[in-house]
Protein chains: 2
Amino acid sequence: MKILSLSLILLLAATVSQGRPSLPLPRLIELLTSANEAELSEEQRLSISYPNCRSWHLGVETSNIINFQTVPANCKDYVEDYLTSEQYRADSKTVCKEAYFYAKGLALKNDTVNVWIFDLDETLLSNVPFYAQYGYGTEKQDPNAFNKWLEAGEAPVLPETLHLYQNIQELGIEPVLLTERYQELAEVTLKNLEAAGFTYWRQILFKPTGSNTKISNFKSKERKKLVRSGHTIIGNIGDQWADLAKDSPGRRTFKLPNPLYYKN
Amino acid sequence: MKILSLSLILLLAATVSQGRPSLPLPRLIELLTSANEAELSEEQRLSISYPNCRSWHLGVETSNIINFQTVPANCKDYVEDYLTSEQYRADSKTVCKEAYFYAKGLALKNDTVNVWIFDLDETLLSNVPFYAQYGYGTEKQDPNAFNKWLEAGEAPVLPETLHLYQNIQELGIEPVLLTERYQELAEVTLKNLEAAGFTYWRQILFKPTGSNTKISNFKSKERKKLVRSGHTIIGNIGDQWADLAKDSPGRRTFKLPNPLYYKN
């Protein structure tokens with residue numbers, strides 16, 4: 001934070017002294033201001049302790065705690081216990097049941113294609129077996145190791161969401177999968193989904209391989225395209241607030257529990 | 001829901017047959033459509049059971065479960081245990097600590113009045129002693145009984161929020177209280193707040209006595225007025241999603257736990 005501000009000040013000074021802006025001046029000022037208003041620095045964040053891990057978890061689920069890099073070290077056991085417990089199953093079932101009753105209560109119009117958006121990881125499929133090998137979220141993720149895991153295509157199903165996935169189809173709602181997984185993982189992902197019991201989708205949308213677009217922006221853009229092309233987004237379910245944020249989130253959104261990681 | 005739709009259909013039929021609309025036709029059609037798309041009917045809602053009360057509570061905190069009239073009867077013990085436990089204290093402390101560290105990390109501008117919005121009930125003051133006498137939220141609230149409780153002015157403090165309230169002032173942020181309590185309760189409310197340790201506020205805004213405006217709309221309107229009159233809403237804390245919704249919610253919002261009731 002402070003380093004960023006200092007760099008911007010130096011850049012601003014350089015700009016002024018050279019007479020030729022390296023960045024447009026209004027943009028430089030905007031960057032300076034937003035750097036000052038940005039979130040906690042790493043050191044500030046490290047100085048917050050979370051002695052009560054259940055409270056930490058609730059904070060994550062409610063969007064009170066955001067932008068965390070790793071699960072607090074002292075909460076490793078809590079996260080392991082939770083994710084291997086009946087409570088995780090019950091929490092997920094409660095969300096999916098609520099989603100289903102909501103969908104069931106609607107009178108759907110037939111002059112549109114009614115769709116339900118499903119995120120993929122920690123929504124349809126579980127990566128807990130990977131995280132179990134890597135400290136249940138307390139370790140910074142090794143992207144190579146994670147990619148190997150994804151390519152193995154052996155992520156188990158999250159049964160409550162599969163149940164919802166099937167049930168909304170019986171109501172005449174089409175599932176659309178929207179994932180931040182890169183396009184290059186499409187083949188193994190489709191196989192993994194089919195093995196897990198997901199046998200139909202209207203569309204499955206992957207993030208362009210190598211794209212640096214924020215997840216919330218990528219998903220928002222894809223949903224707007226759906227809306228513009230004759231779809232009505234009846235519902236949207238995911239494990240990250242980023243799955244449910246920004247434009248065209250859906251008539252109603254549902255958040256599944258996930259204490260393992262935070263995505264923007 | 002079905003009764004509402006039927007009434008509207010009859011009204012529409014009456015309108016057409018009489019030739020003189022009792023309501024403008026577009027409005028009738030809008031009502032019909034929105035009734036169809038509205039939330040669960042009471043019978044549908046009653047048919048959802050919540051065998052796992054901790055899951056139900058998490059659903060409420062995450063906005064997955066909305067618009068409930070009462071706590072599920074089988075969850076009375078859970079709610080009582082939670083609200084009289086250390087977990088409630090720890091959960092509240094975690095939210096307030098996060099809010100404080102967020103505020104502390106900001107570089108505040110001095111060309112504005114930086115304010116923090118505080119809700120009142122179940123945010124600064126606790127009505128748990130009232131709800132303890134009335135089934136911990138499992139009973140439909142008797143407005144007369146509740147009003148008597150409010151007029152007694154003996155709601156105890158929520159200490160974690162008092163701590164945050166004091167701390168943000170040390171950072172140069174002004175507290176503004178924004179409550180759905182009616183203006184007629186102003187005198188007893190101010191006394192209750194002072195007795196609880198809240199000794200200063202920049203403004204305290206009550207809902208006009210007898211107003212039927214939805215809480216979320218009332219609070220949104222008041223916050224927009226603040227923004228238009230030279231205030232910057234740095235943060236906003238409350239126990240209802242309705243405290244944090246719609247326009248000008250604040251740069252960042254924080255939700256305190258509350259399984260007792262749901263307000264719109």
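See the structure shown above.
What comes next is a walk through the structure. (Residues numbered from 1 in each chain as written. Chains lettered and ligands numbered in written order. Predicted model: local features only at pLDDT ≥ 70, side-chain atom pairs only at ≥ 80, totals over all residues. Heavy atoms only, no water.)

**Remarks on the overall build of chain A**
Inclusion rule: Helical segments are the DSSP runs of H or I of at least four residues, strand segments are the runs of E of at least two, and each set is numbered from the N terminus. Each residue gets one of three labels from its accessible area relative to the maximum for its type: buried under 20%, exposed over 50%, partly exposed in between, using a 1.4 Å probe on protein chains only. A contact between two residues is defined here by any heavy atoms of the two lying within 4.5 Å. Each accessible area is a Shrake-Rupley result for a 1.4 Å probe, and residues are judged covered by the shown protein chains and nothing else.
On a plain count of helices and strands, chain A comes out with eleven helices and five strands. Looking at chain A as a whole, 50% of its 264 residues are labelled buried. Residue pairs in contact within chain A that sit at least 24 positions apart in sequence constitute 70% of those at least 6 positions apart. A total accessible area of about 12,300 Å² is found for chain A, and carbon and sulfur atoms account for 53% of it.

**Digging into the sheet that holds strand β1 (residues 113-118) of chain A**
Residue and element names in this part refer to chain A. Filter applied, for reference: Paired strands, in this sense, are two strands between which DSSP finds at least two bridges. The angle between two axes is taken between their N-to-C directions and runs from 0 to 180 degrees, where each axis is a line fitted to C-alpha atoms and a helix contributes only its stretch in contact.
With respect to topology, five strands assemble into an open sheet ordered β3-β2-β1-β4-β5, the strand pairing being parallel. The strands lining the two open edges of the sheet, one partner per strand, are β3 (203-207) and β5 (252-255). The sheet shows a mean angle of 20 degrees between the axes of neighbouring strands, direction not considered. Sheet topology note: the strand β4 (residues 231-238)/β5 ladder contains four bridges and is parallel. Paired with Gly238 across the bridge in β5 is Lys255.

**So, the packing of aromatic side chains**
Note the cut-off: Each pair of aromatic rings taken from Phe, Tyr and Trp, with Trp reduced to its six-membered ring, is defined by centres within 6.5 Å and is described as stacked if the planes are under 30 degrees apart, edge-to-face if over 60, and tilted in the remaining cases. For a Lys NZ or an Arg CZ to count as sitting over a ring, it must be within 6 Å of the ring centre and within 35 degrees of the ring normal.
Evaluated as defined, the whole model comprises 34 aromatic pairs over all chains. Aromatic pair Tyr165 of chain A and Phe198 of chain A: ring centres 4.9 Å apart, planes at 85 degrees, arrangement edge-to-face. Residue Tyr165 of chain A is found in helix α9 (residues 159-170), and its partner Phe198 of chain A is found in the loop between α10 (186-196) and β3; the two are separated by 33 residues along the sequence. Note on accessibility: Tyr165 of chain A and Phe198 of chain A belong to one class, buried. For the pair Tyr102 of chain B and Phe254 of chain B, a centre-to-centre distance of 5.9 Å together with 45 degrees between the ring planes defines the contact as tilted. Separated by 152 residues along the polypeptide, Tyr102 of chain B in helix α6 (residues 86-104) and Phe254 of chain B in strand β5 (residues 252-255) bring together distant segments of the chain. Note on accessibility: Tyr102 of chain B and Phe254 of chain B belong to one class, buried. Above the ring of Tyr88 of chain A, the side-chain terminus of Arg89 of chain A is found at 4.6 Å from the ring centroid.

**Details of the state of the cysteines**
Note the following rule: The disulfide criterion used throughout: a pair of cysteine sulfur atoms within 2.5 Å.
Counted according to the given criterion, the structure contains two disulfides over all chains. One disulfide bridge connects Cys53 of chain A with Cys75 of chain A, the sulfur atoms lying 2.0 Å from each other. Sign of the S-S torsion, about -85 degrees for the bond between Cys53 of chain A and Cys75 of chain A, identifies this disulfide as left-handed. One end of the pair, Cys53 of chain A, is in helix α4 (residues 53-61); the other, Cys75 of chain A, is in the loop between α4 and α5 (76-83), and 22 residues separate them in sequence. Each member of the pair Cys53 of chain A and Cys75 of chain A is classed as buried. The thiol of Cys96 of chain A is not disulfide-bonded; the next cysteine sulfur, from Cys75 of chain B, is found 18 Å away. A relative accessible area of 5% means that Cys96 of chain A is categorised as buried.

**With respect to the interface of chain B and chain A**
As a reminder, the rule being used: Buried area adds together the accessible area that both of two parts lose upon being put together, with accessible area traced by a 1.4 Å probe. Salt bridges are counted wherever a side-chain nitrogen of Lys or Arg sits within 4 Å of a carboxyl oxygen of Asp or Glu. Residue type decides the class: Asp, Glu, Lys and Arg count as charged, Ala, Val, Leu, Ile, Met, Phe, Trp, Tyr, Cys and Pro as nonpolar, and the leftover types, Gly among them, as polar.
At the junction of the two partners, chain B supplies 44 residues and chain A supplies 44 residues. For the pairing of chain B and chain A, the buried interface totals around 3,800 Å² over both sides, and the portion due to carbon and sulfur atoms is 52%. Along the contact surface separating chain B from chain A lie zero salt bridges. Examining the composition of the side of chain B that touches chain A, we find that ten residues originate from one element, α6 of chain B, more than from any other. Of the residues in the side of chain B that touches chain A, the class split is 19 nonpolar, 13 polar and twelve charged.

**Details of helix α6 (residues 86-104) of chain A**
Rule in force here: A helix is expected to reach a length of 1.5 Å times the quantity of its residues less one. Pairs of N or O atoms are called polar contacts if they sit within 3.5 Å, as long as, within protein, a hydrogen donor faces a hydrogen acceptor (for residues adjacent in sequence, only side-chain-to-side-chain pairs).
The end-to-end C-alpha distance of α6 of chain A is 26 Å, a good match for the 27 Å that 19 residues give at a rise of 1.5 Å each. Its side-chain oxygen at 3.1 Å from the backbone nitrogen of Gln87 of chain A, Ser85 of chain A defines the N-terminal cap of α6 of chain A.

**Here we look at unusual backbone geometry**
Residue and element names in this part refer to chain B. With a phi angle near 65 degrees, Glu122 is a residue other than glycine that sits in the positive phi range. As for its placement among the helices and strands, Glu122 is situated in the loop between β1 (113-118) and α7 (128-133). Positioned with a positive phi, Ser248 is a non-glycine residue whose angle comes to about 45 degrees. Its place among the elements puts Ser248 in the loop between β4 (231-238) and β5. Taking the relative accessible area as the measure of exposure, Ser248 reaches 25% and is therefore partly exposed.

**Things to note about the relation of the copies chain B and chain A**
Where we set the bar: When the copies are overlaid, the least-squares fit takes in C-alpha atoms only where the residue has pLDDT of at least 70 in both copies.
Superposing chain B onto chain A requires a rotation of 180 degrees together with a translation of 0.0 Å along the rotation axis, leaving an RMSD of 0.0 Å. Here the copies are linked by what is in effect a two-fold axis. Every residue of chain B has its C-alpha some distance from the rotation axis, and the shortest such distance is that of Thr62 of chain B, at 2.5 Å.

**As for the side chain of Asp121 of chain B**
All names here are of chain B. Within the fold, Asp121 resides in the loop between β1 and α7. The class for Asp121 is buried, based on a relative accessible area of 3%. At 2.8 Å, the side chain of Asp121 and the side chain of Asn127 are in polar contact. Of the polar contacts made by the side chain of Asp121, one reaches the side chain of Arg181; its length is 2.7 Å. Apart from the residues within four sequence positions on either side, Asp121 is in contact with Asn127, Leu150, Thr179, Arg181, Asp239 and Tyr261.

Shape is all these values report; function is a separate question.
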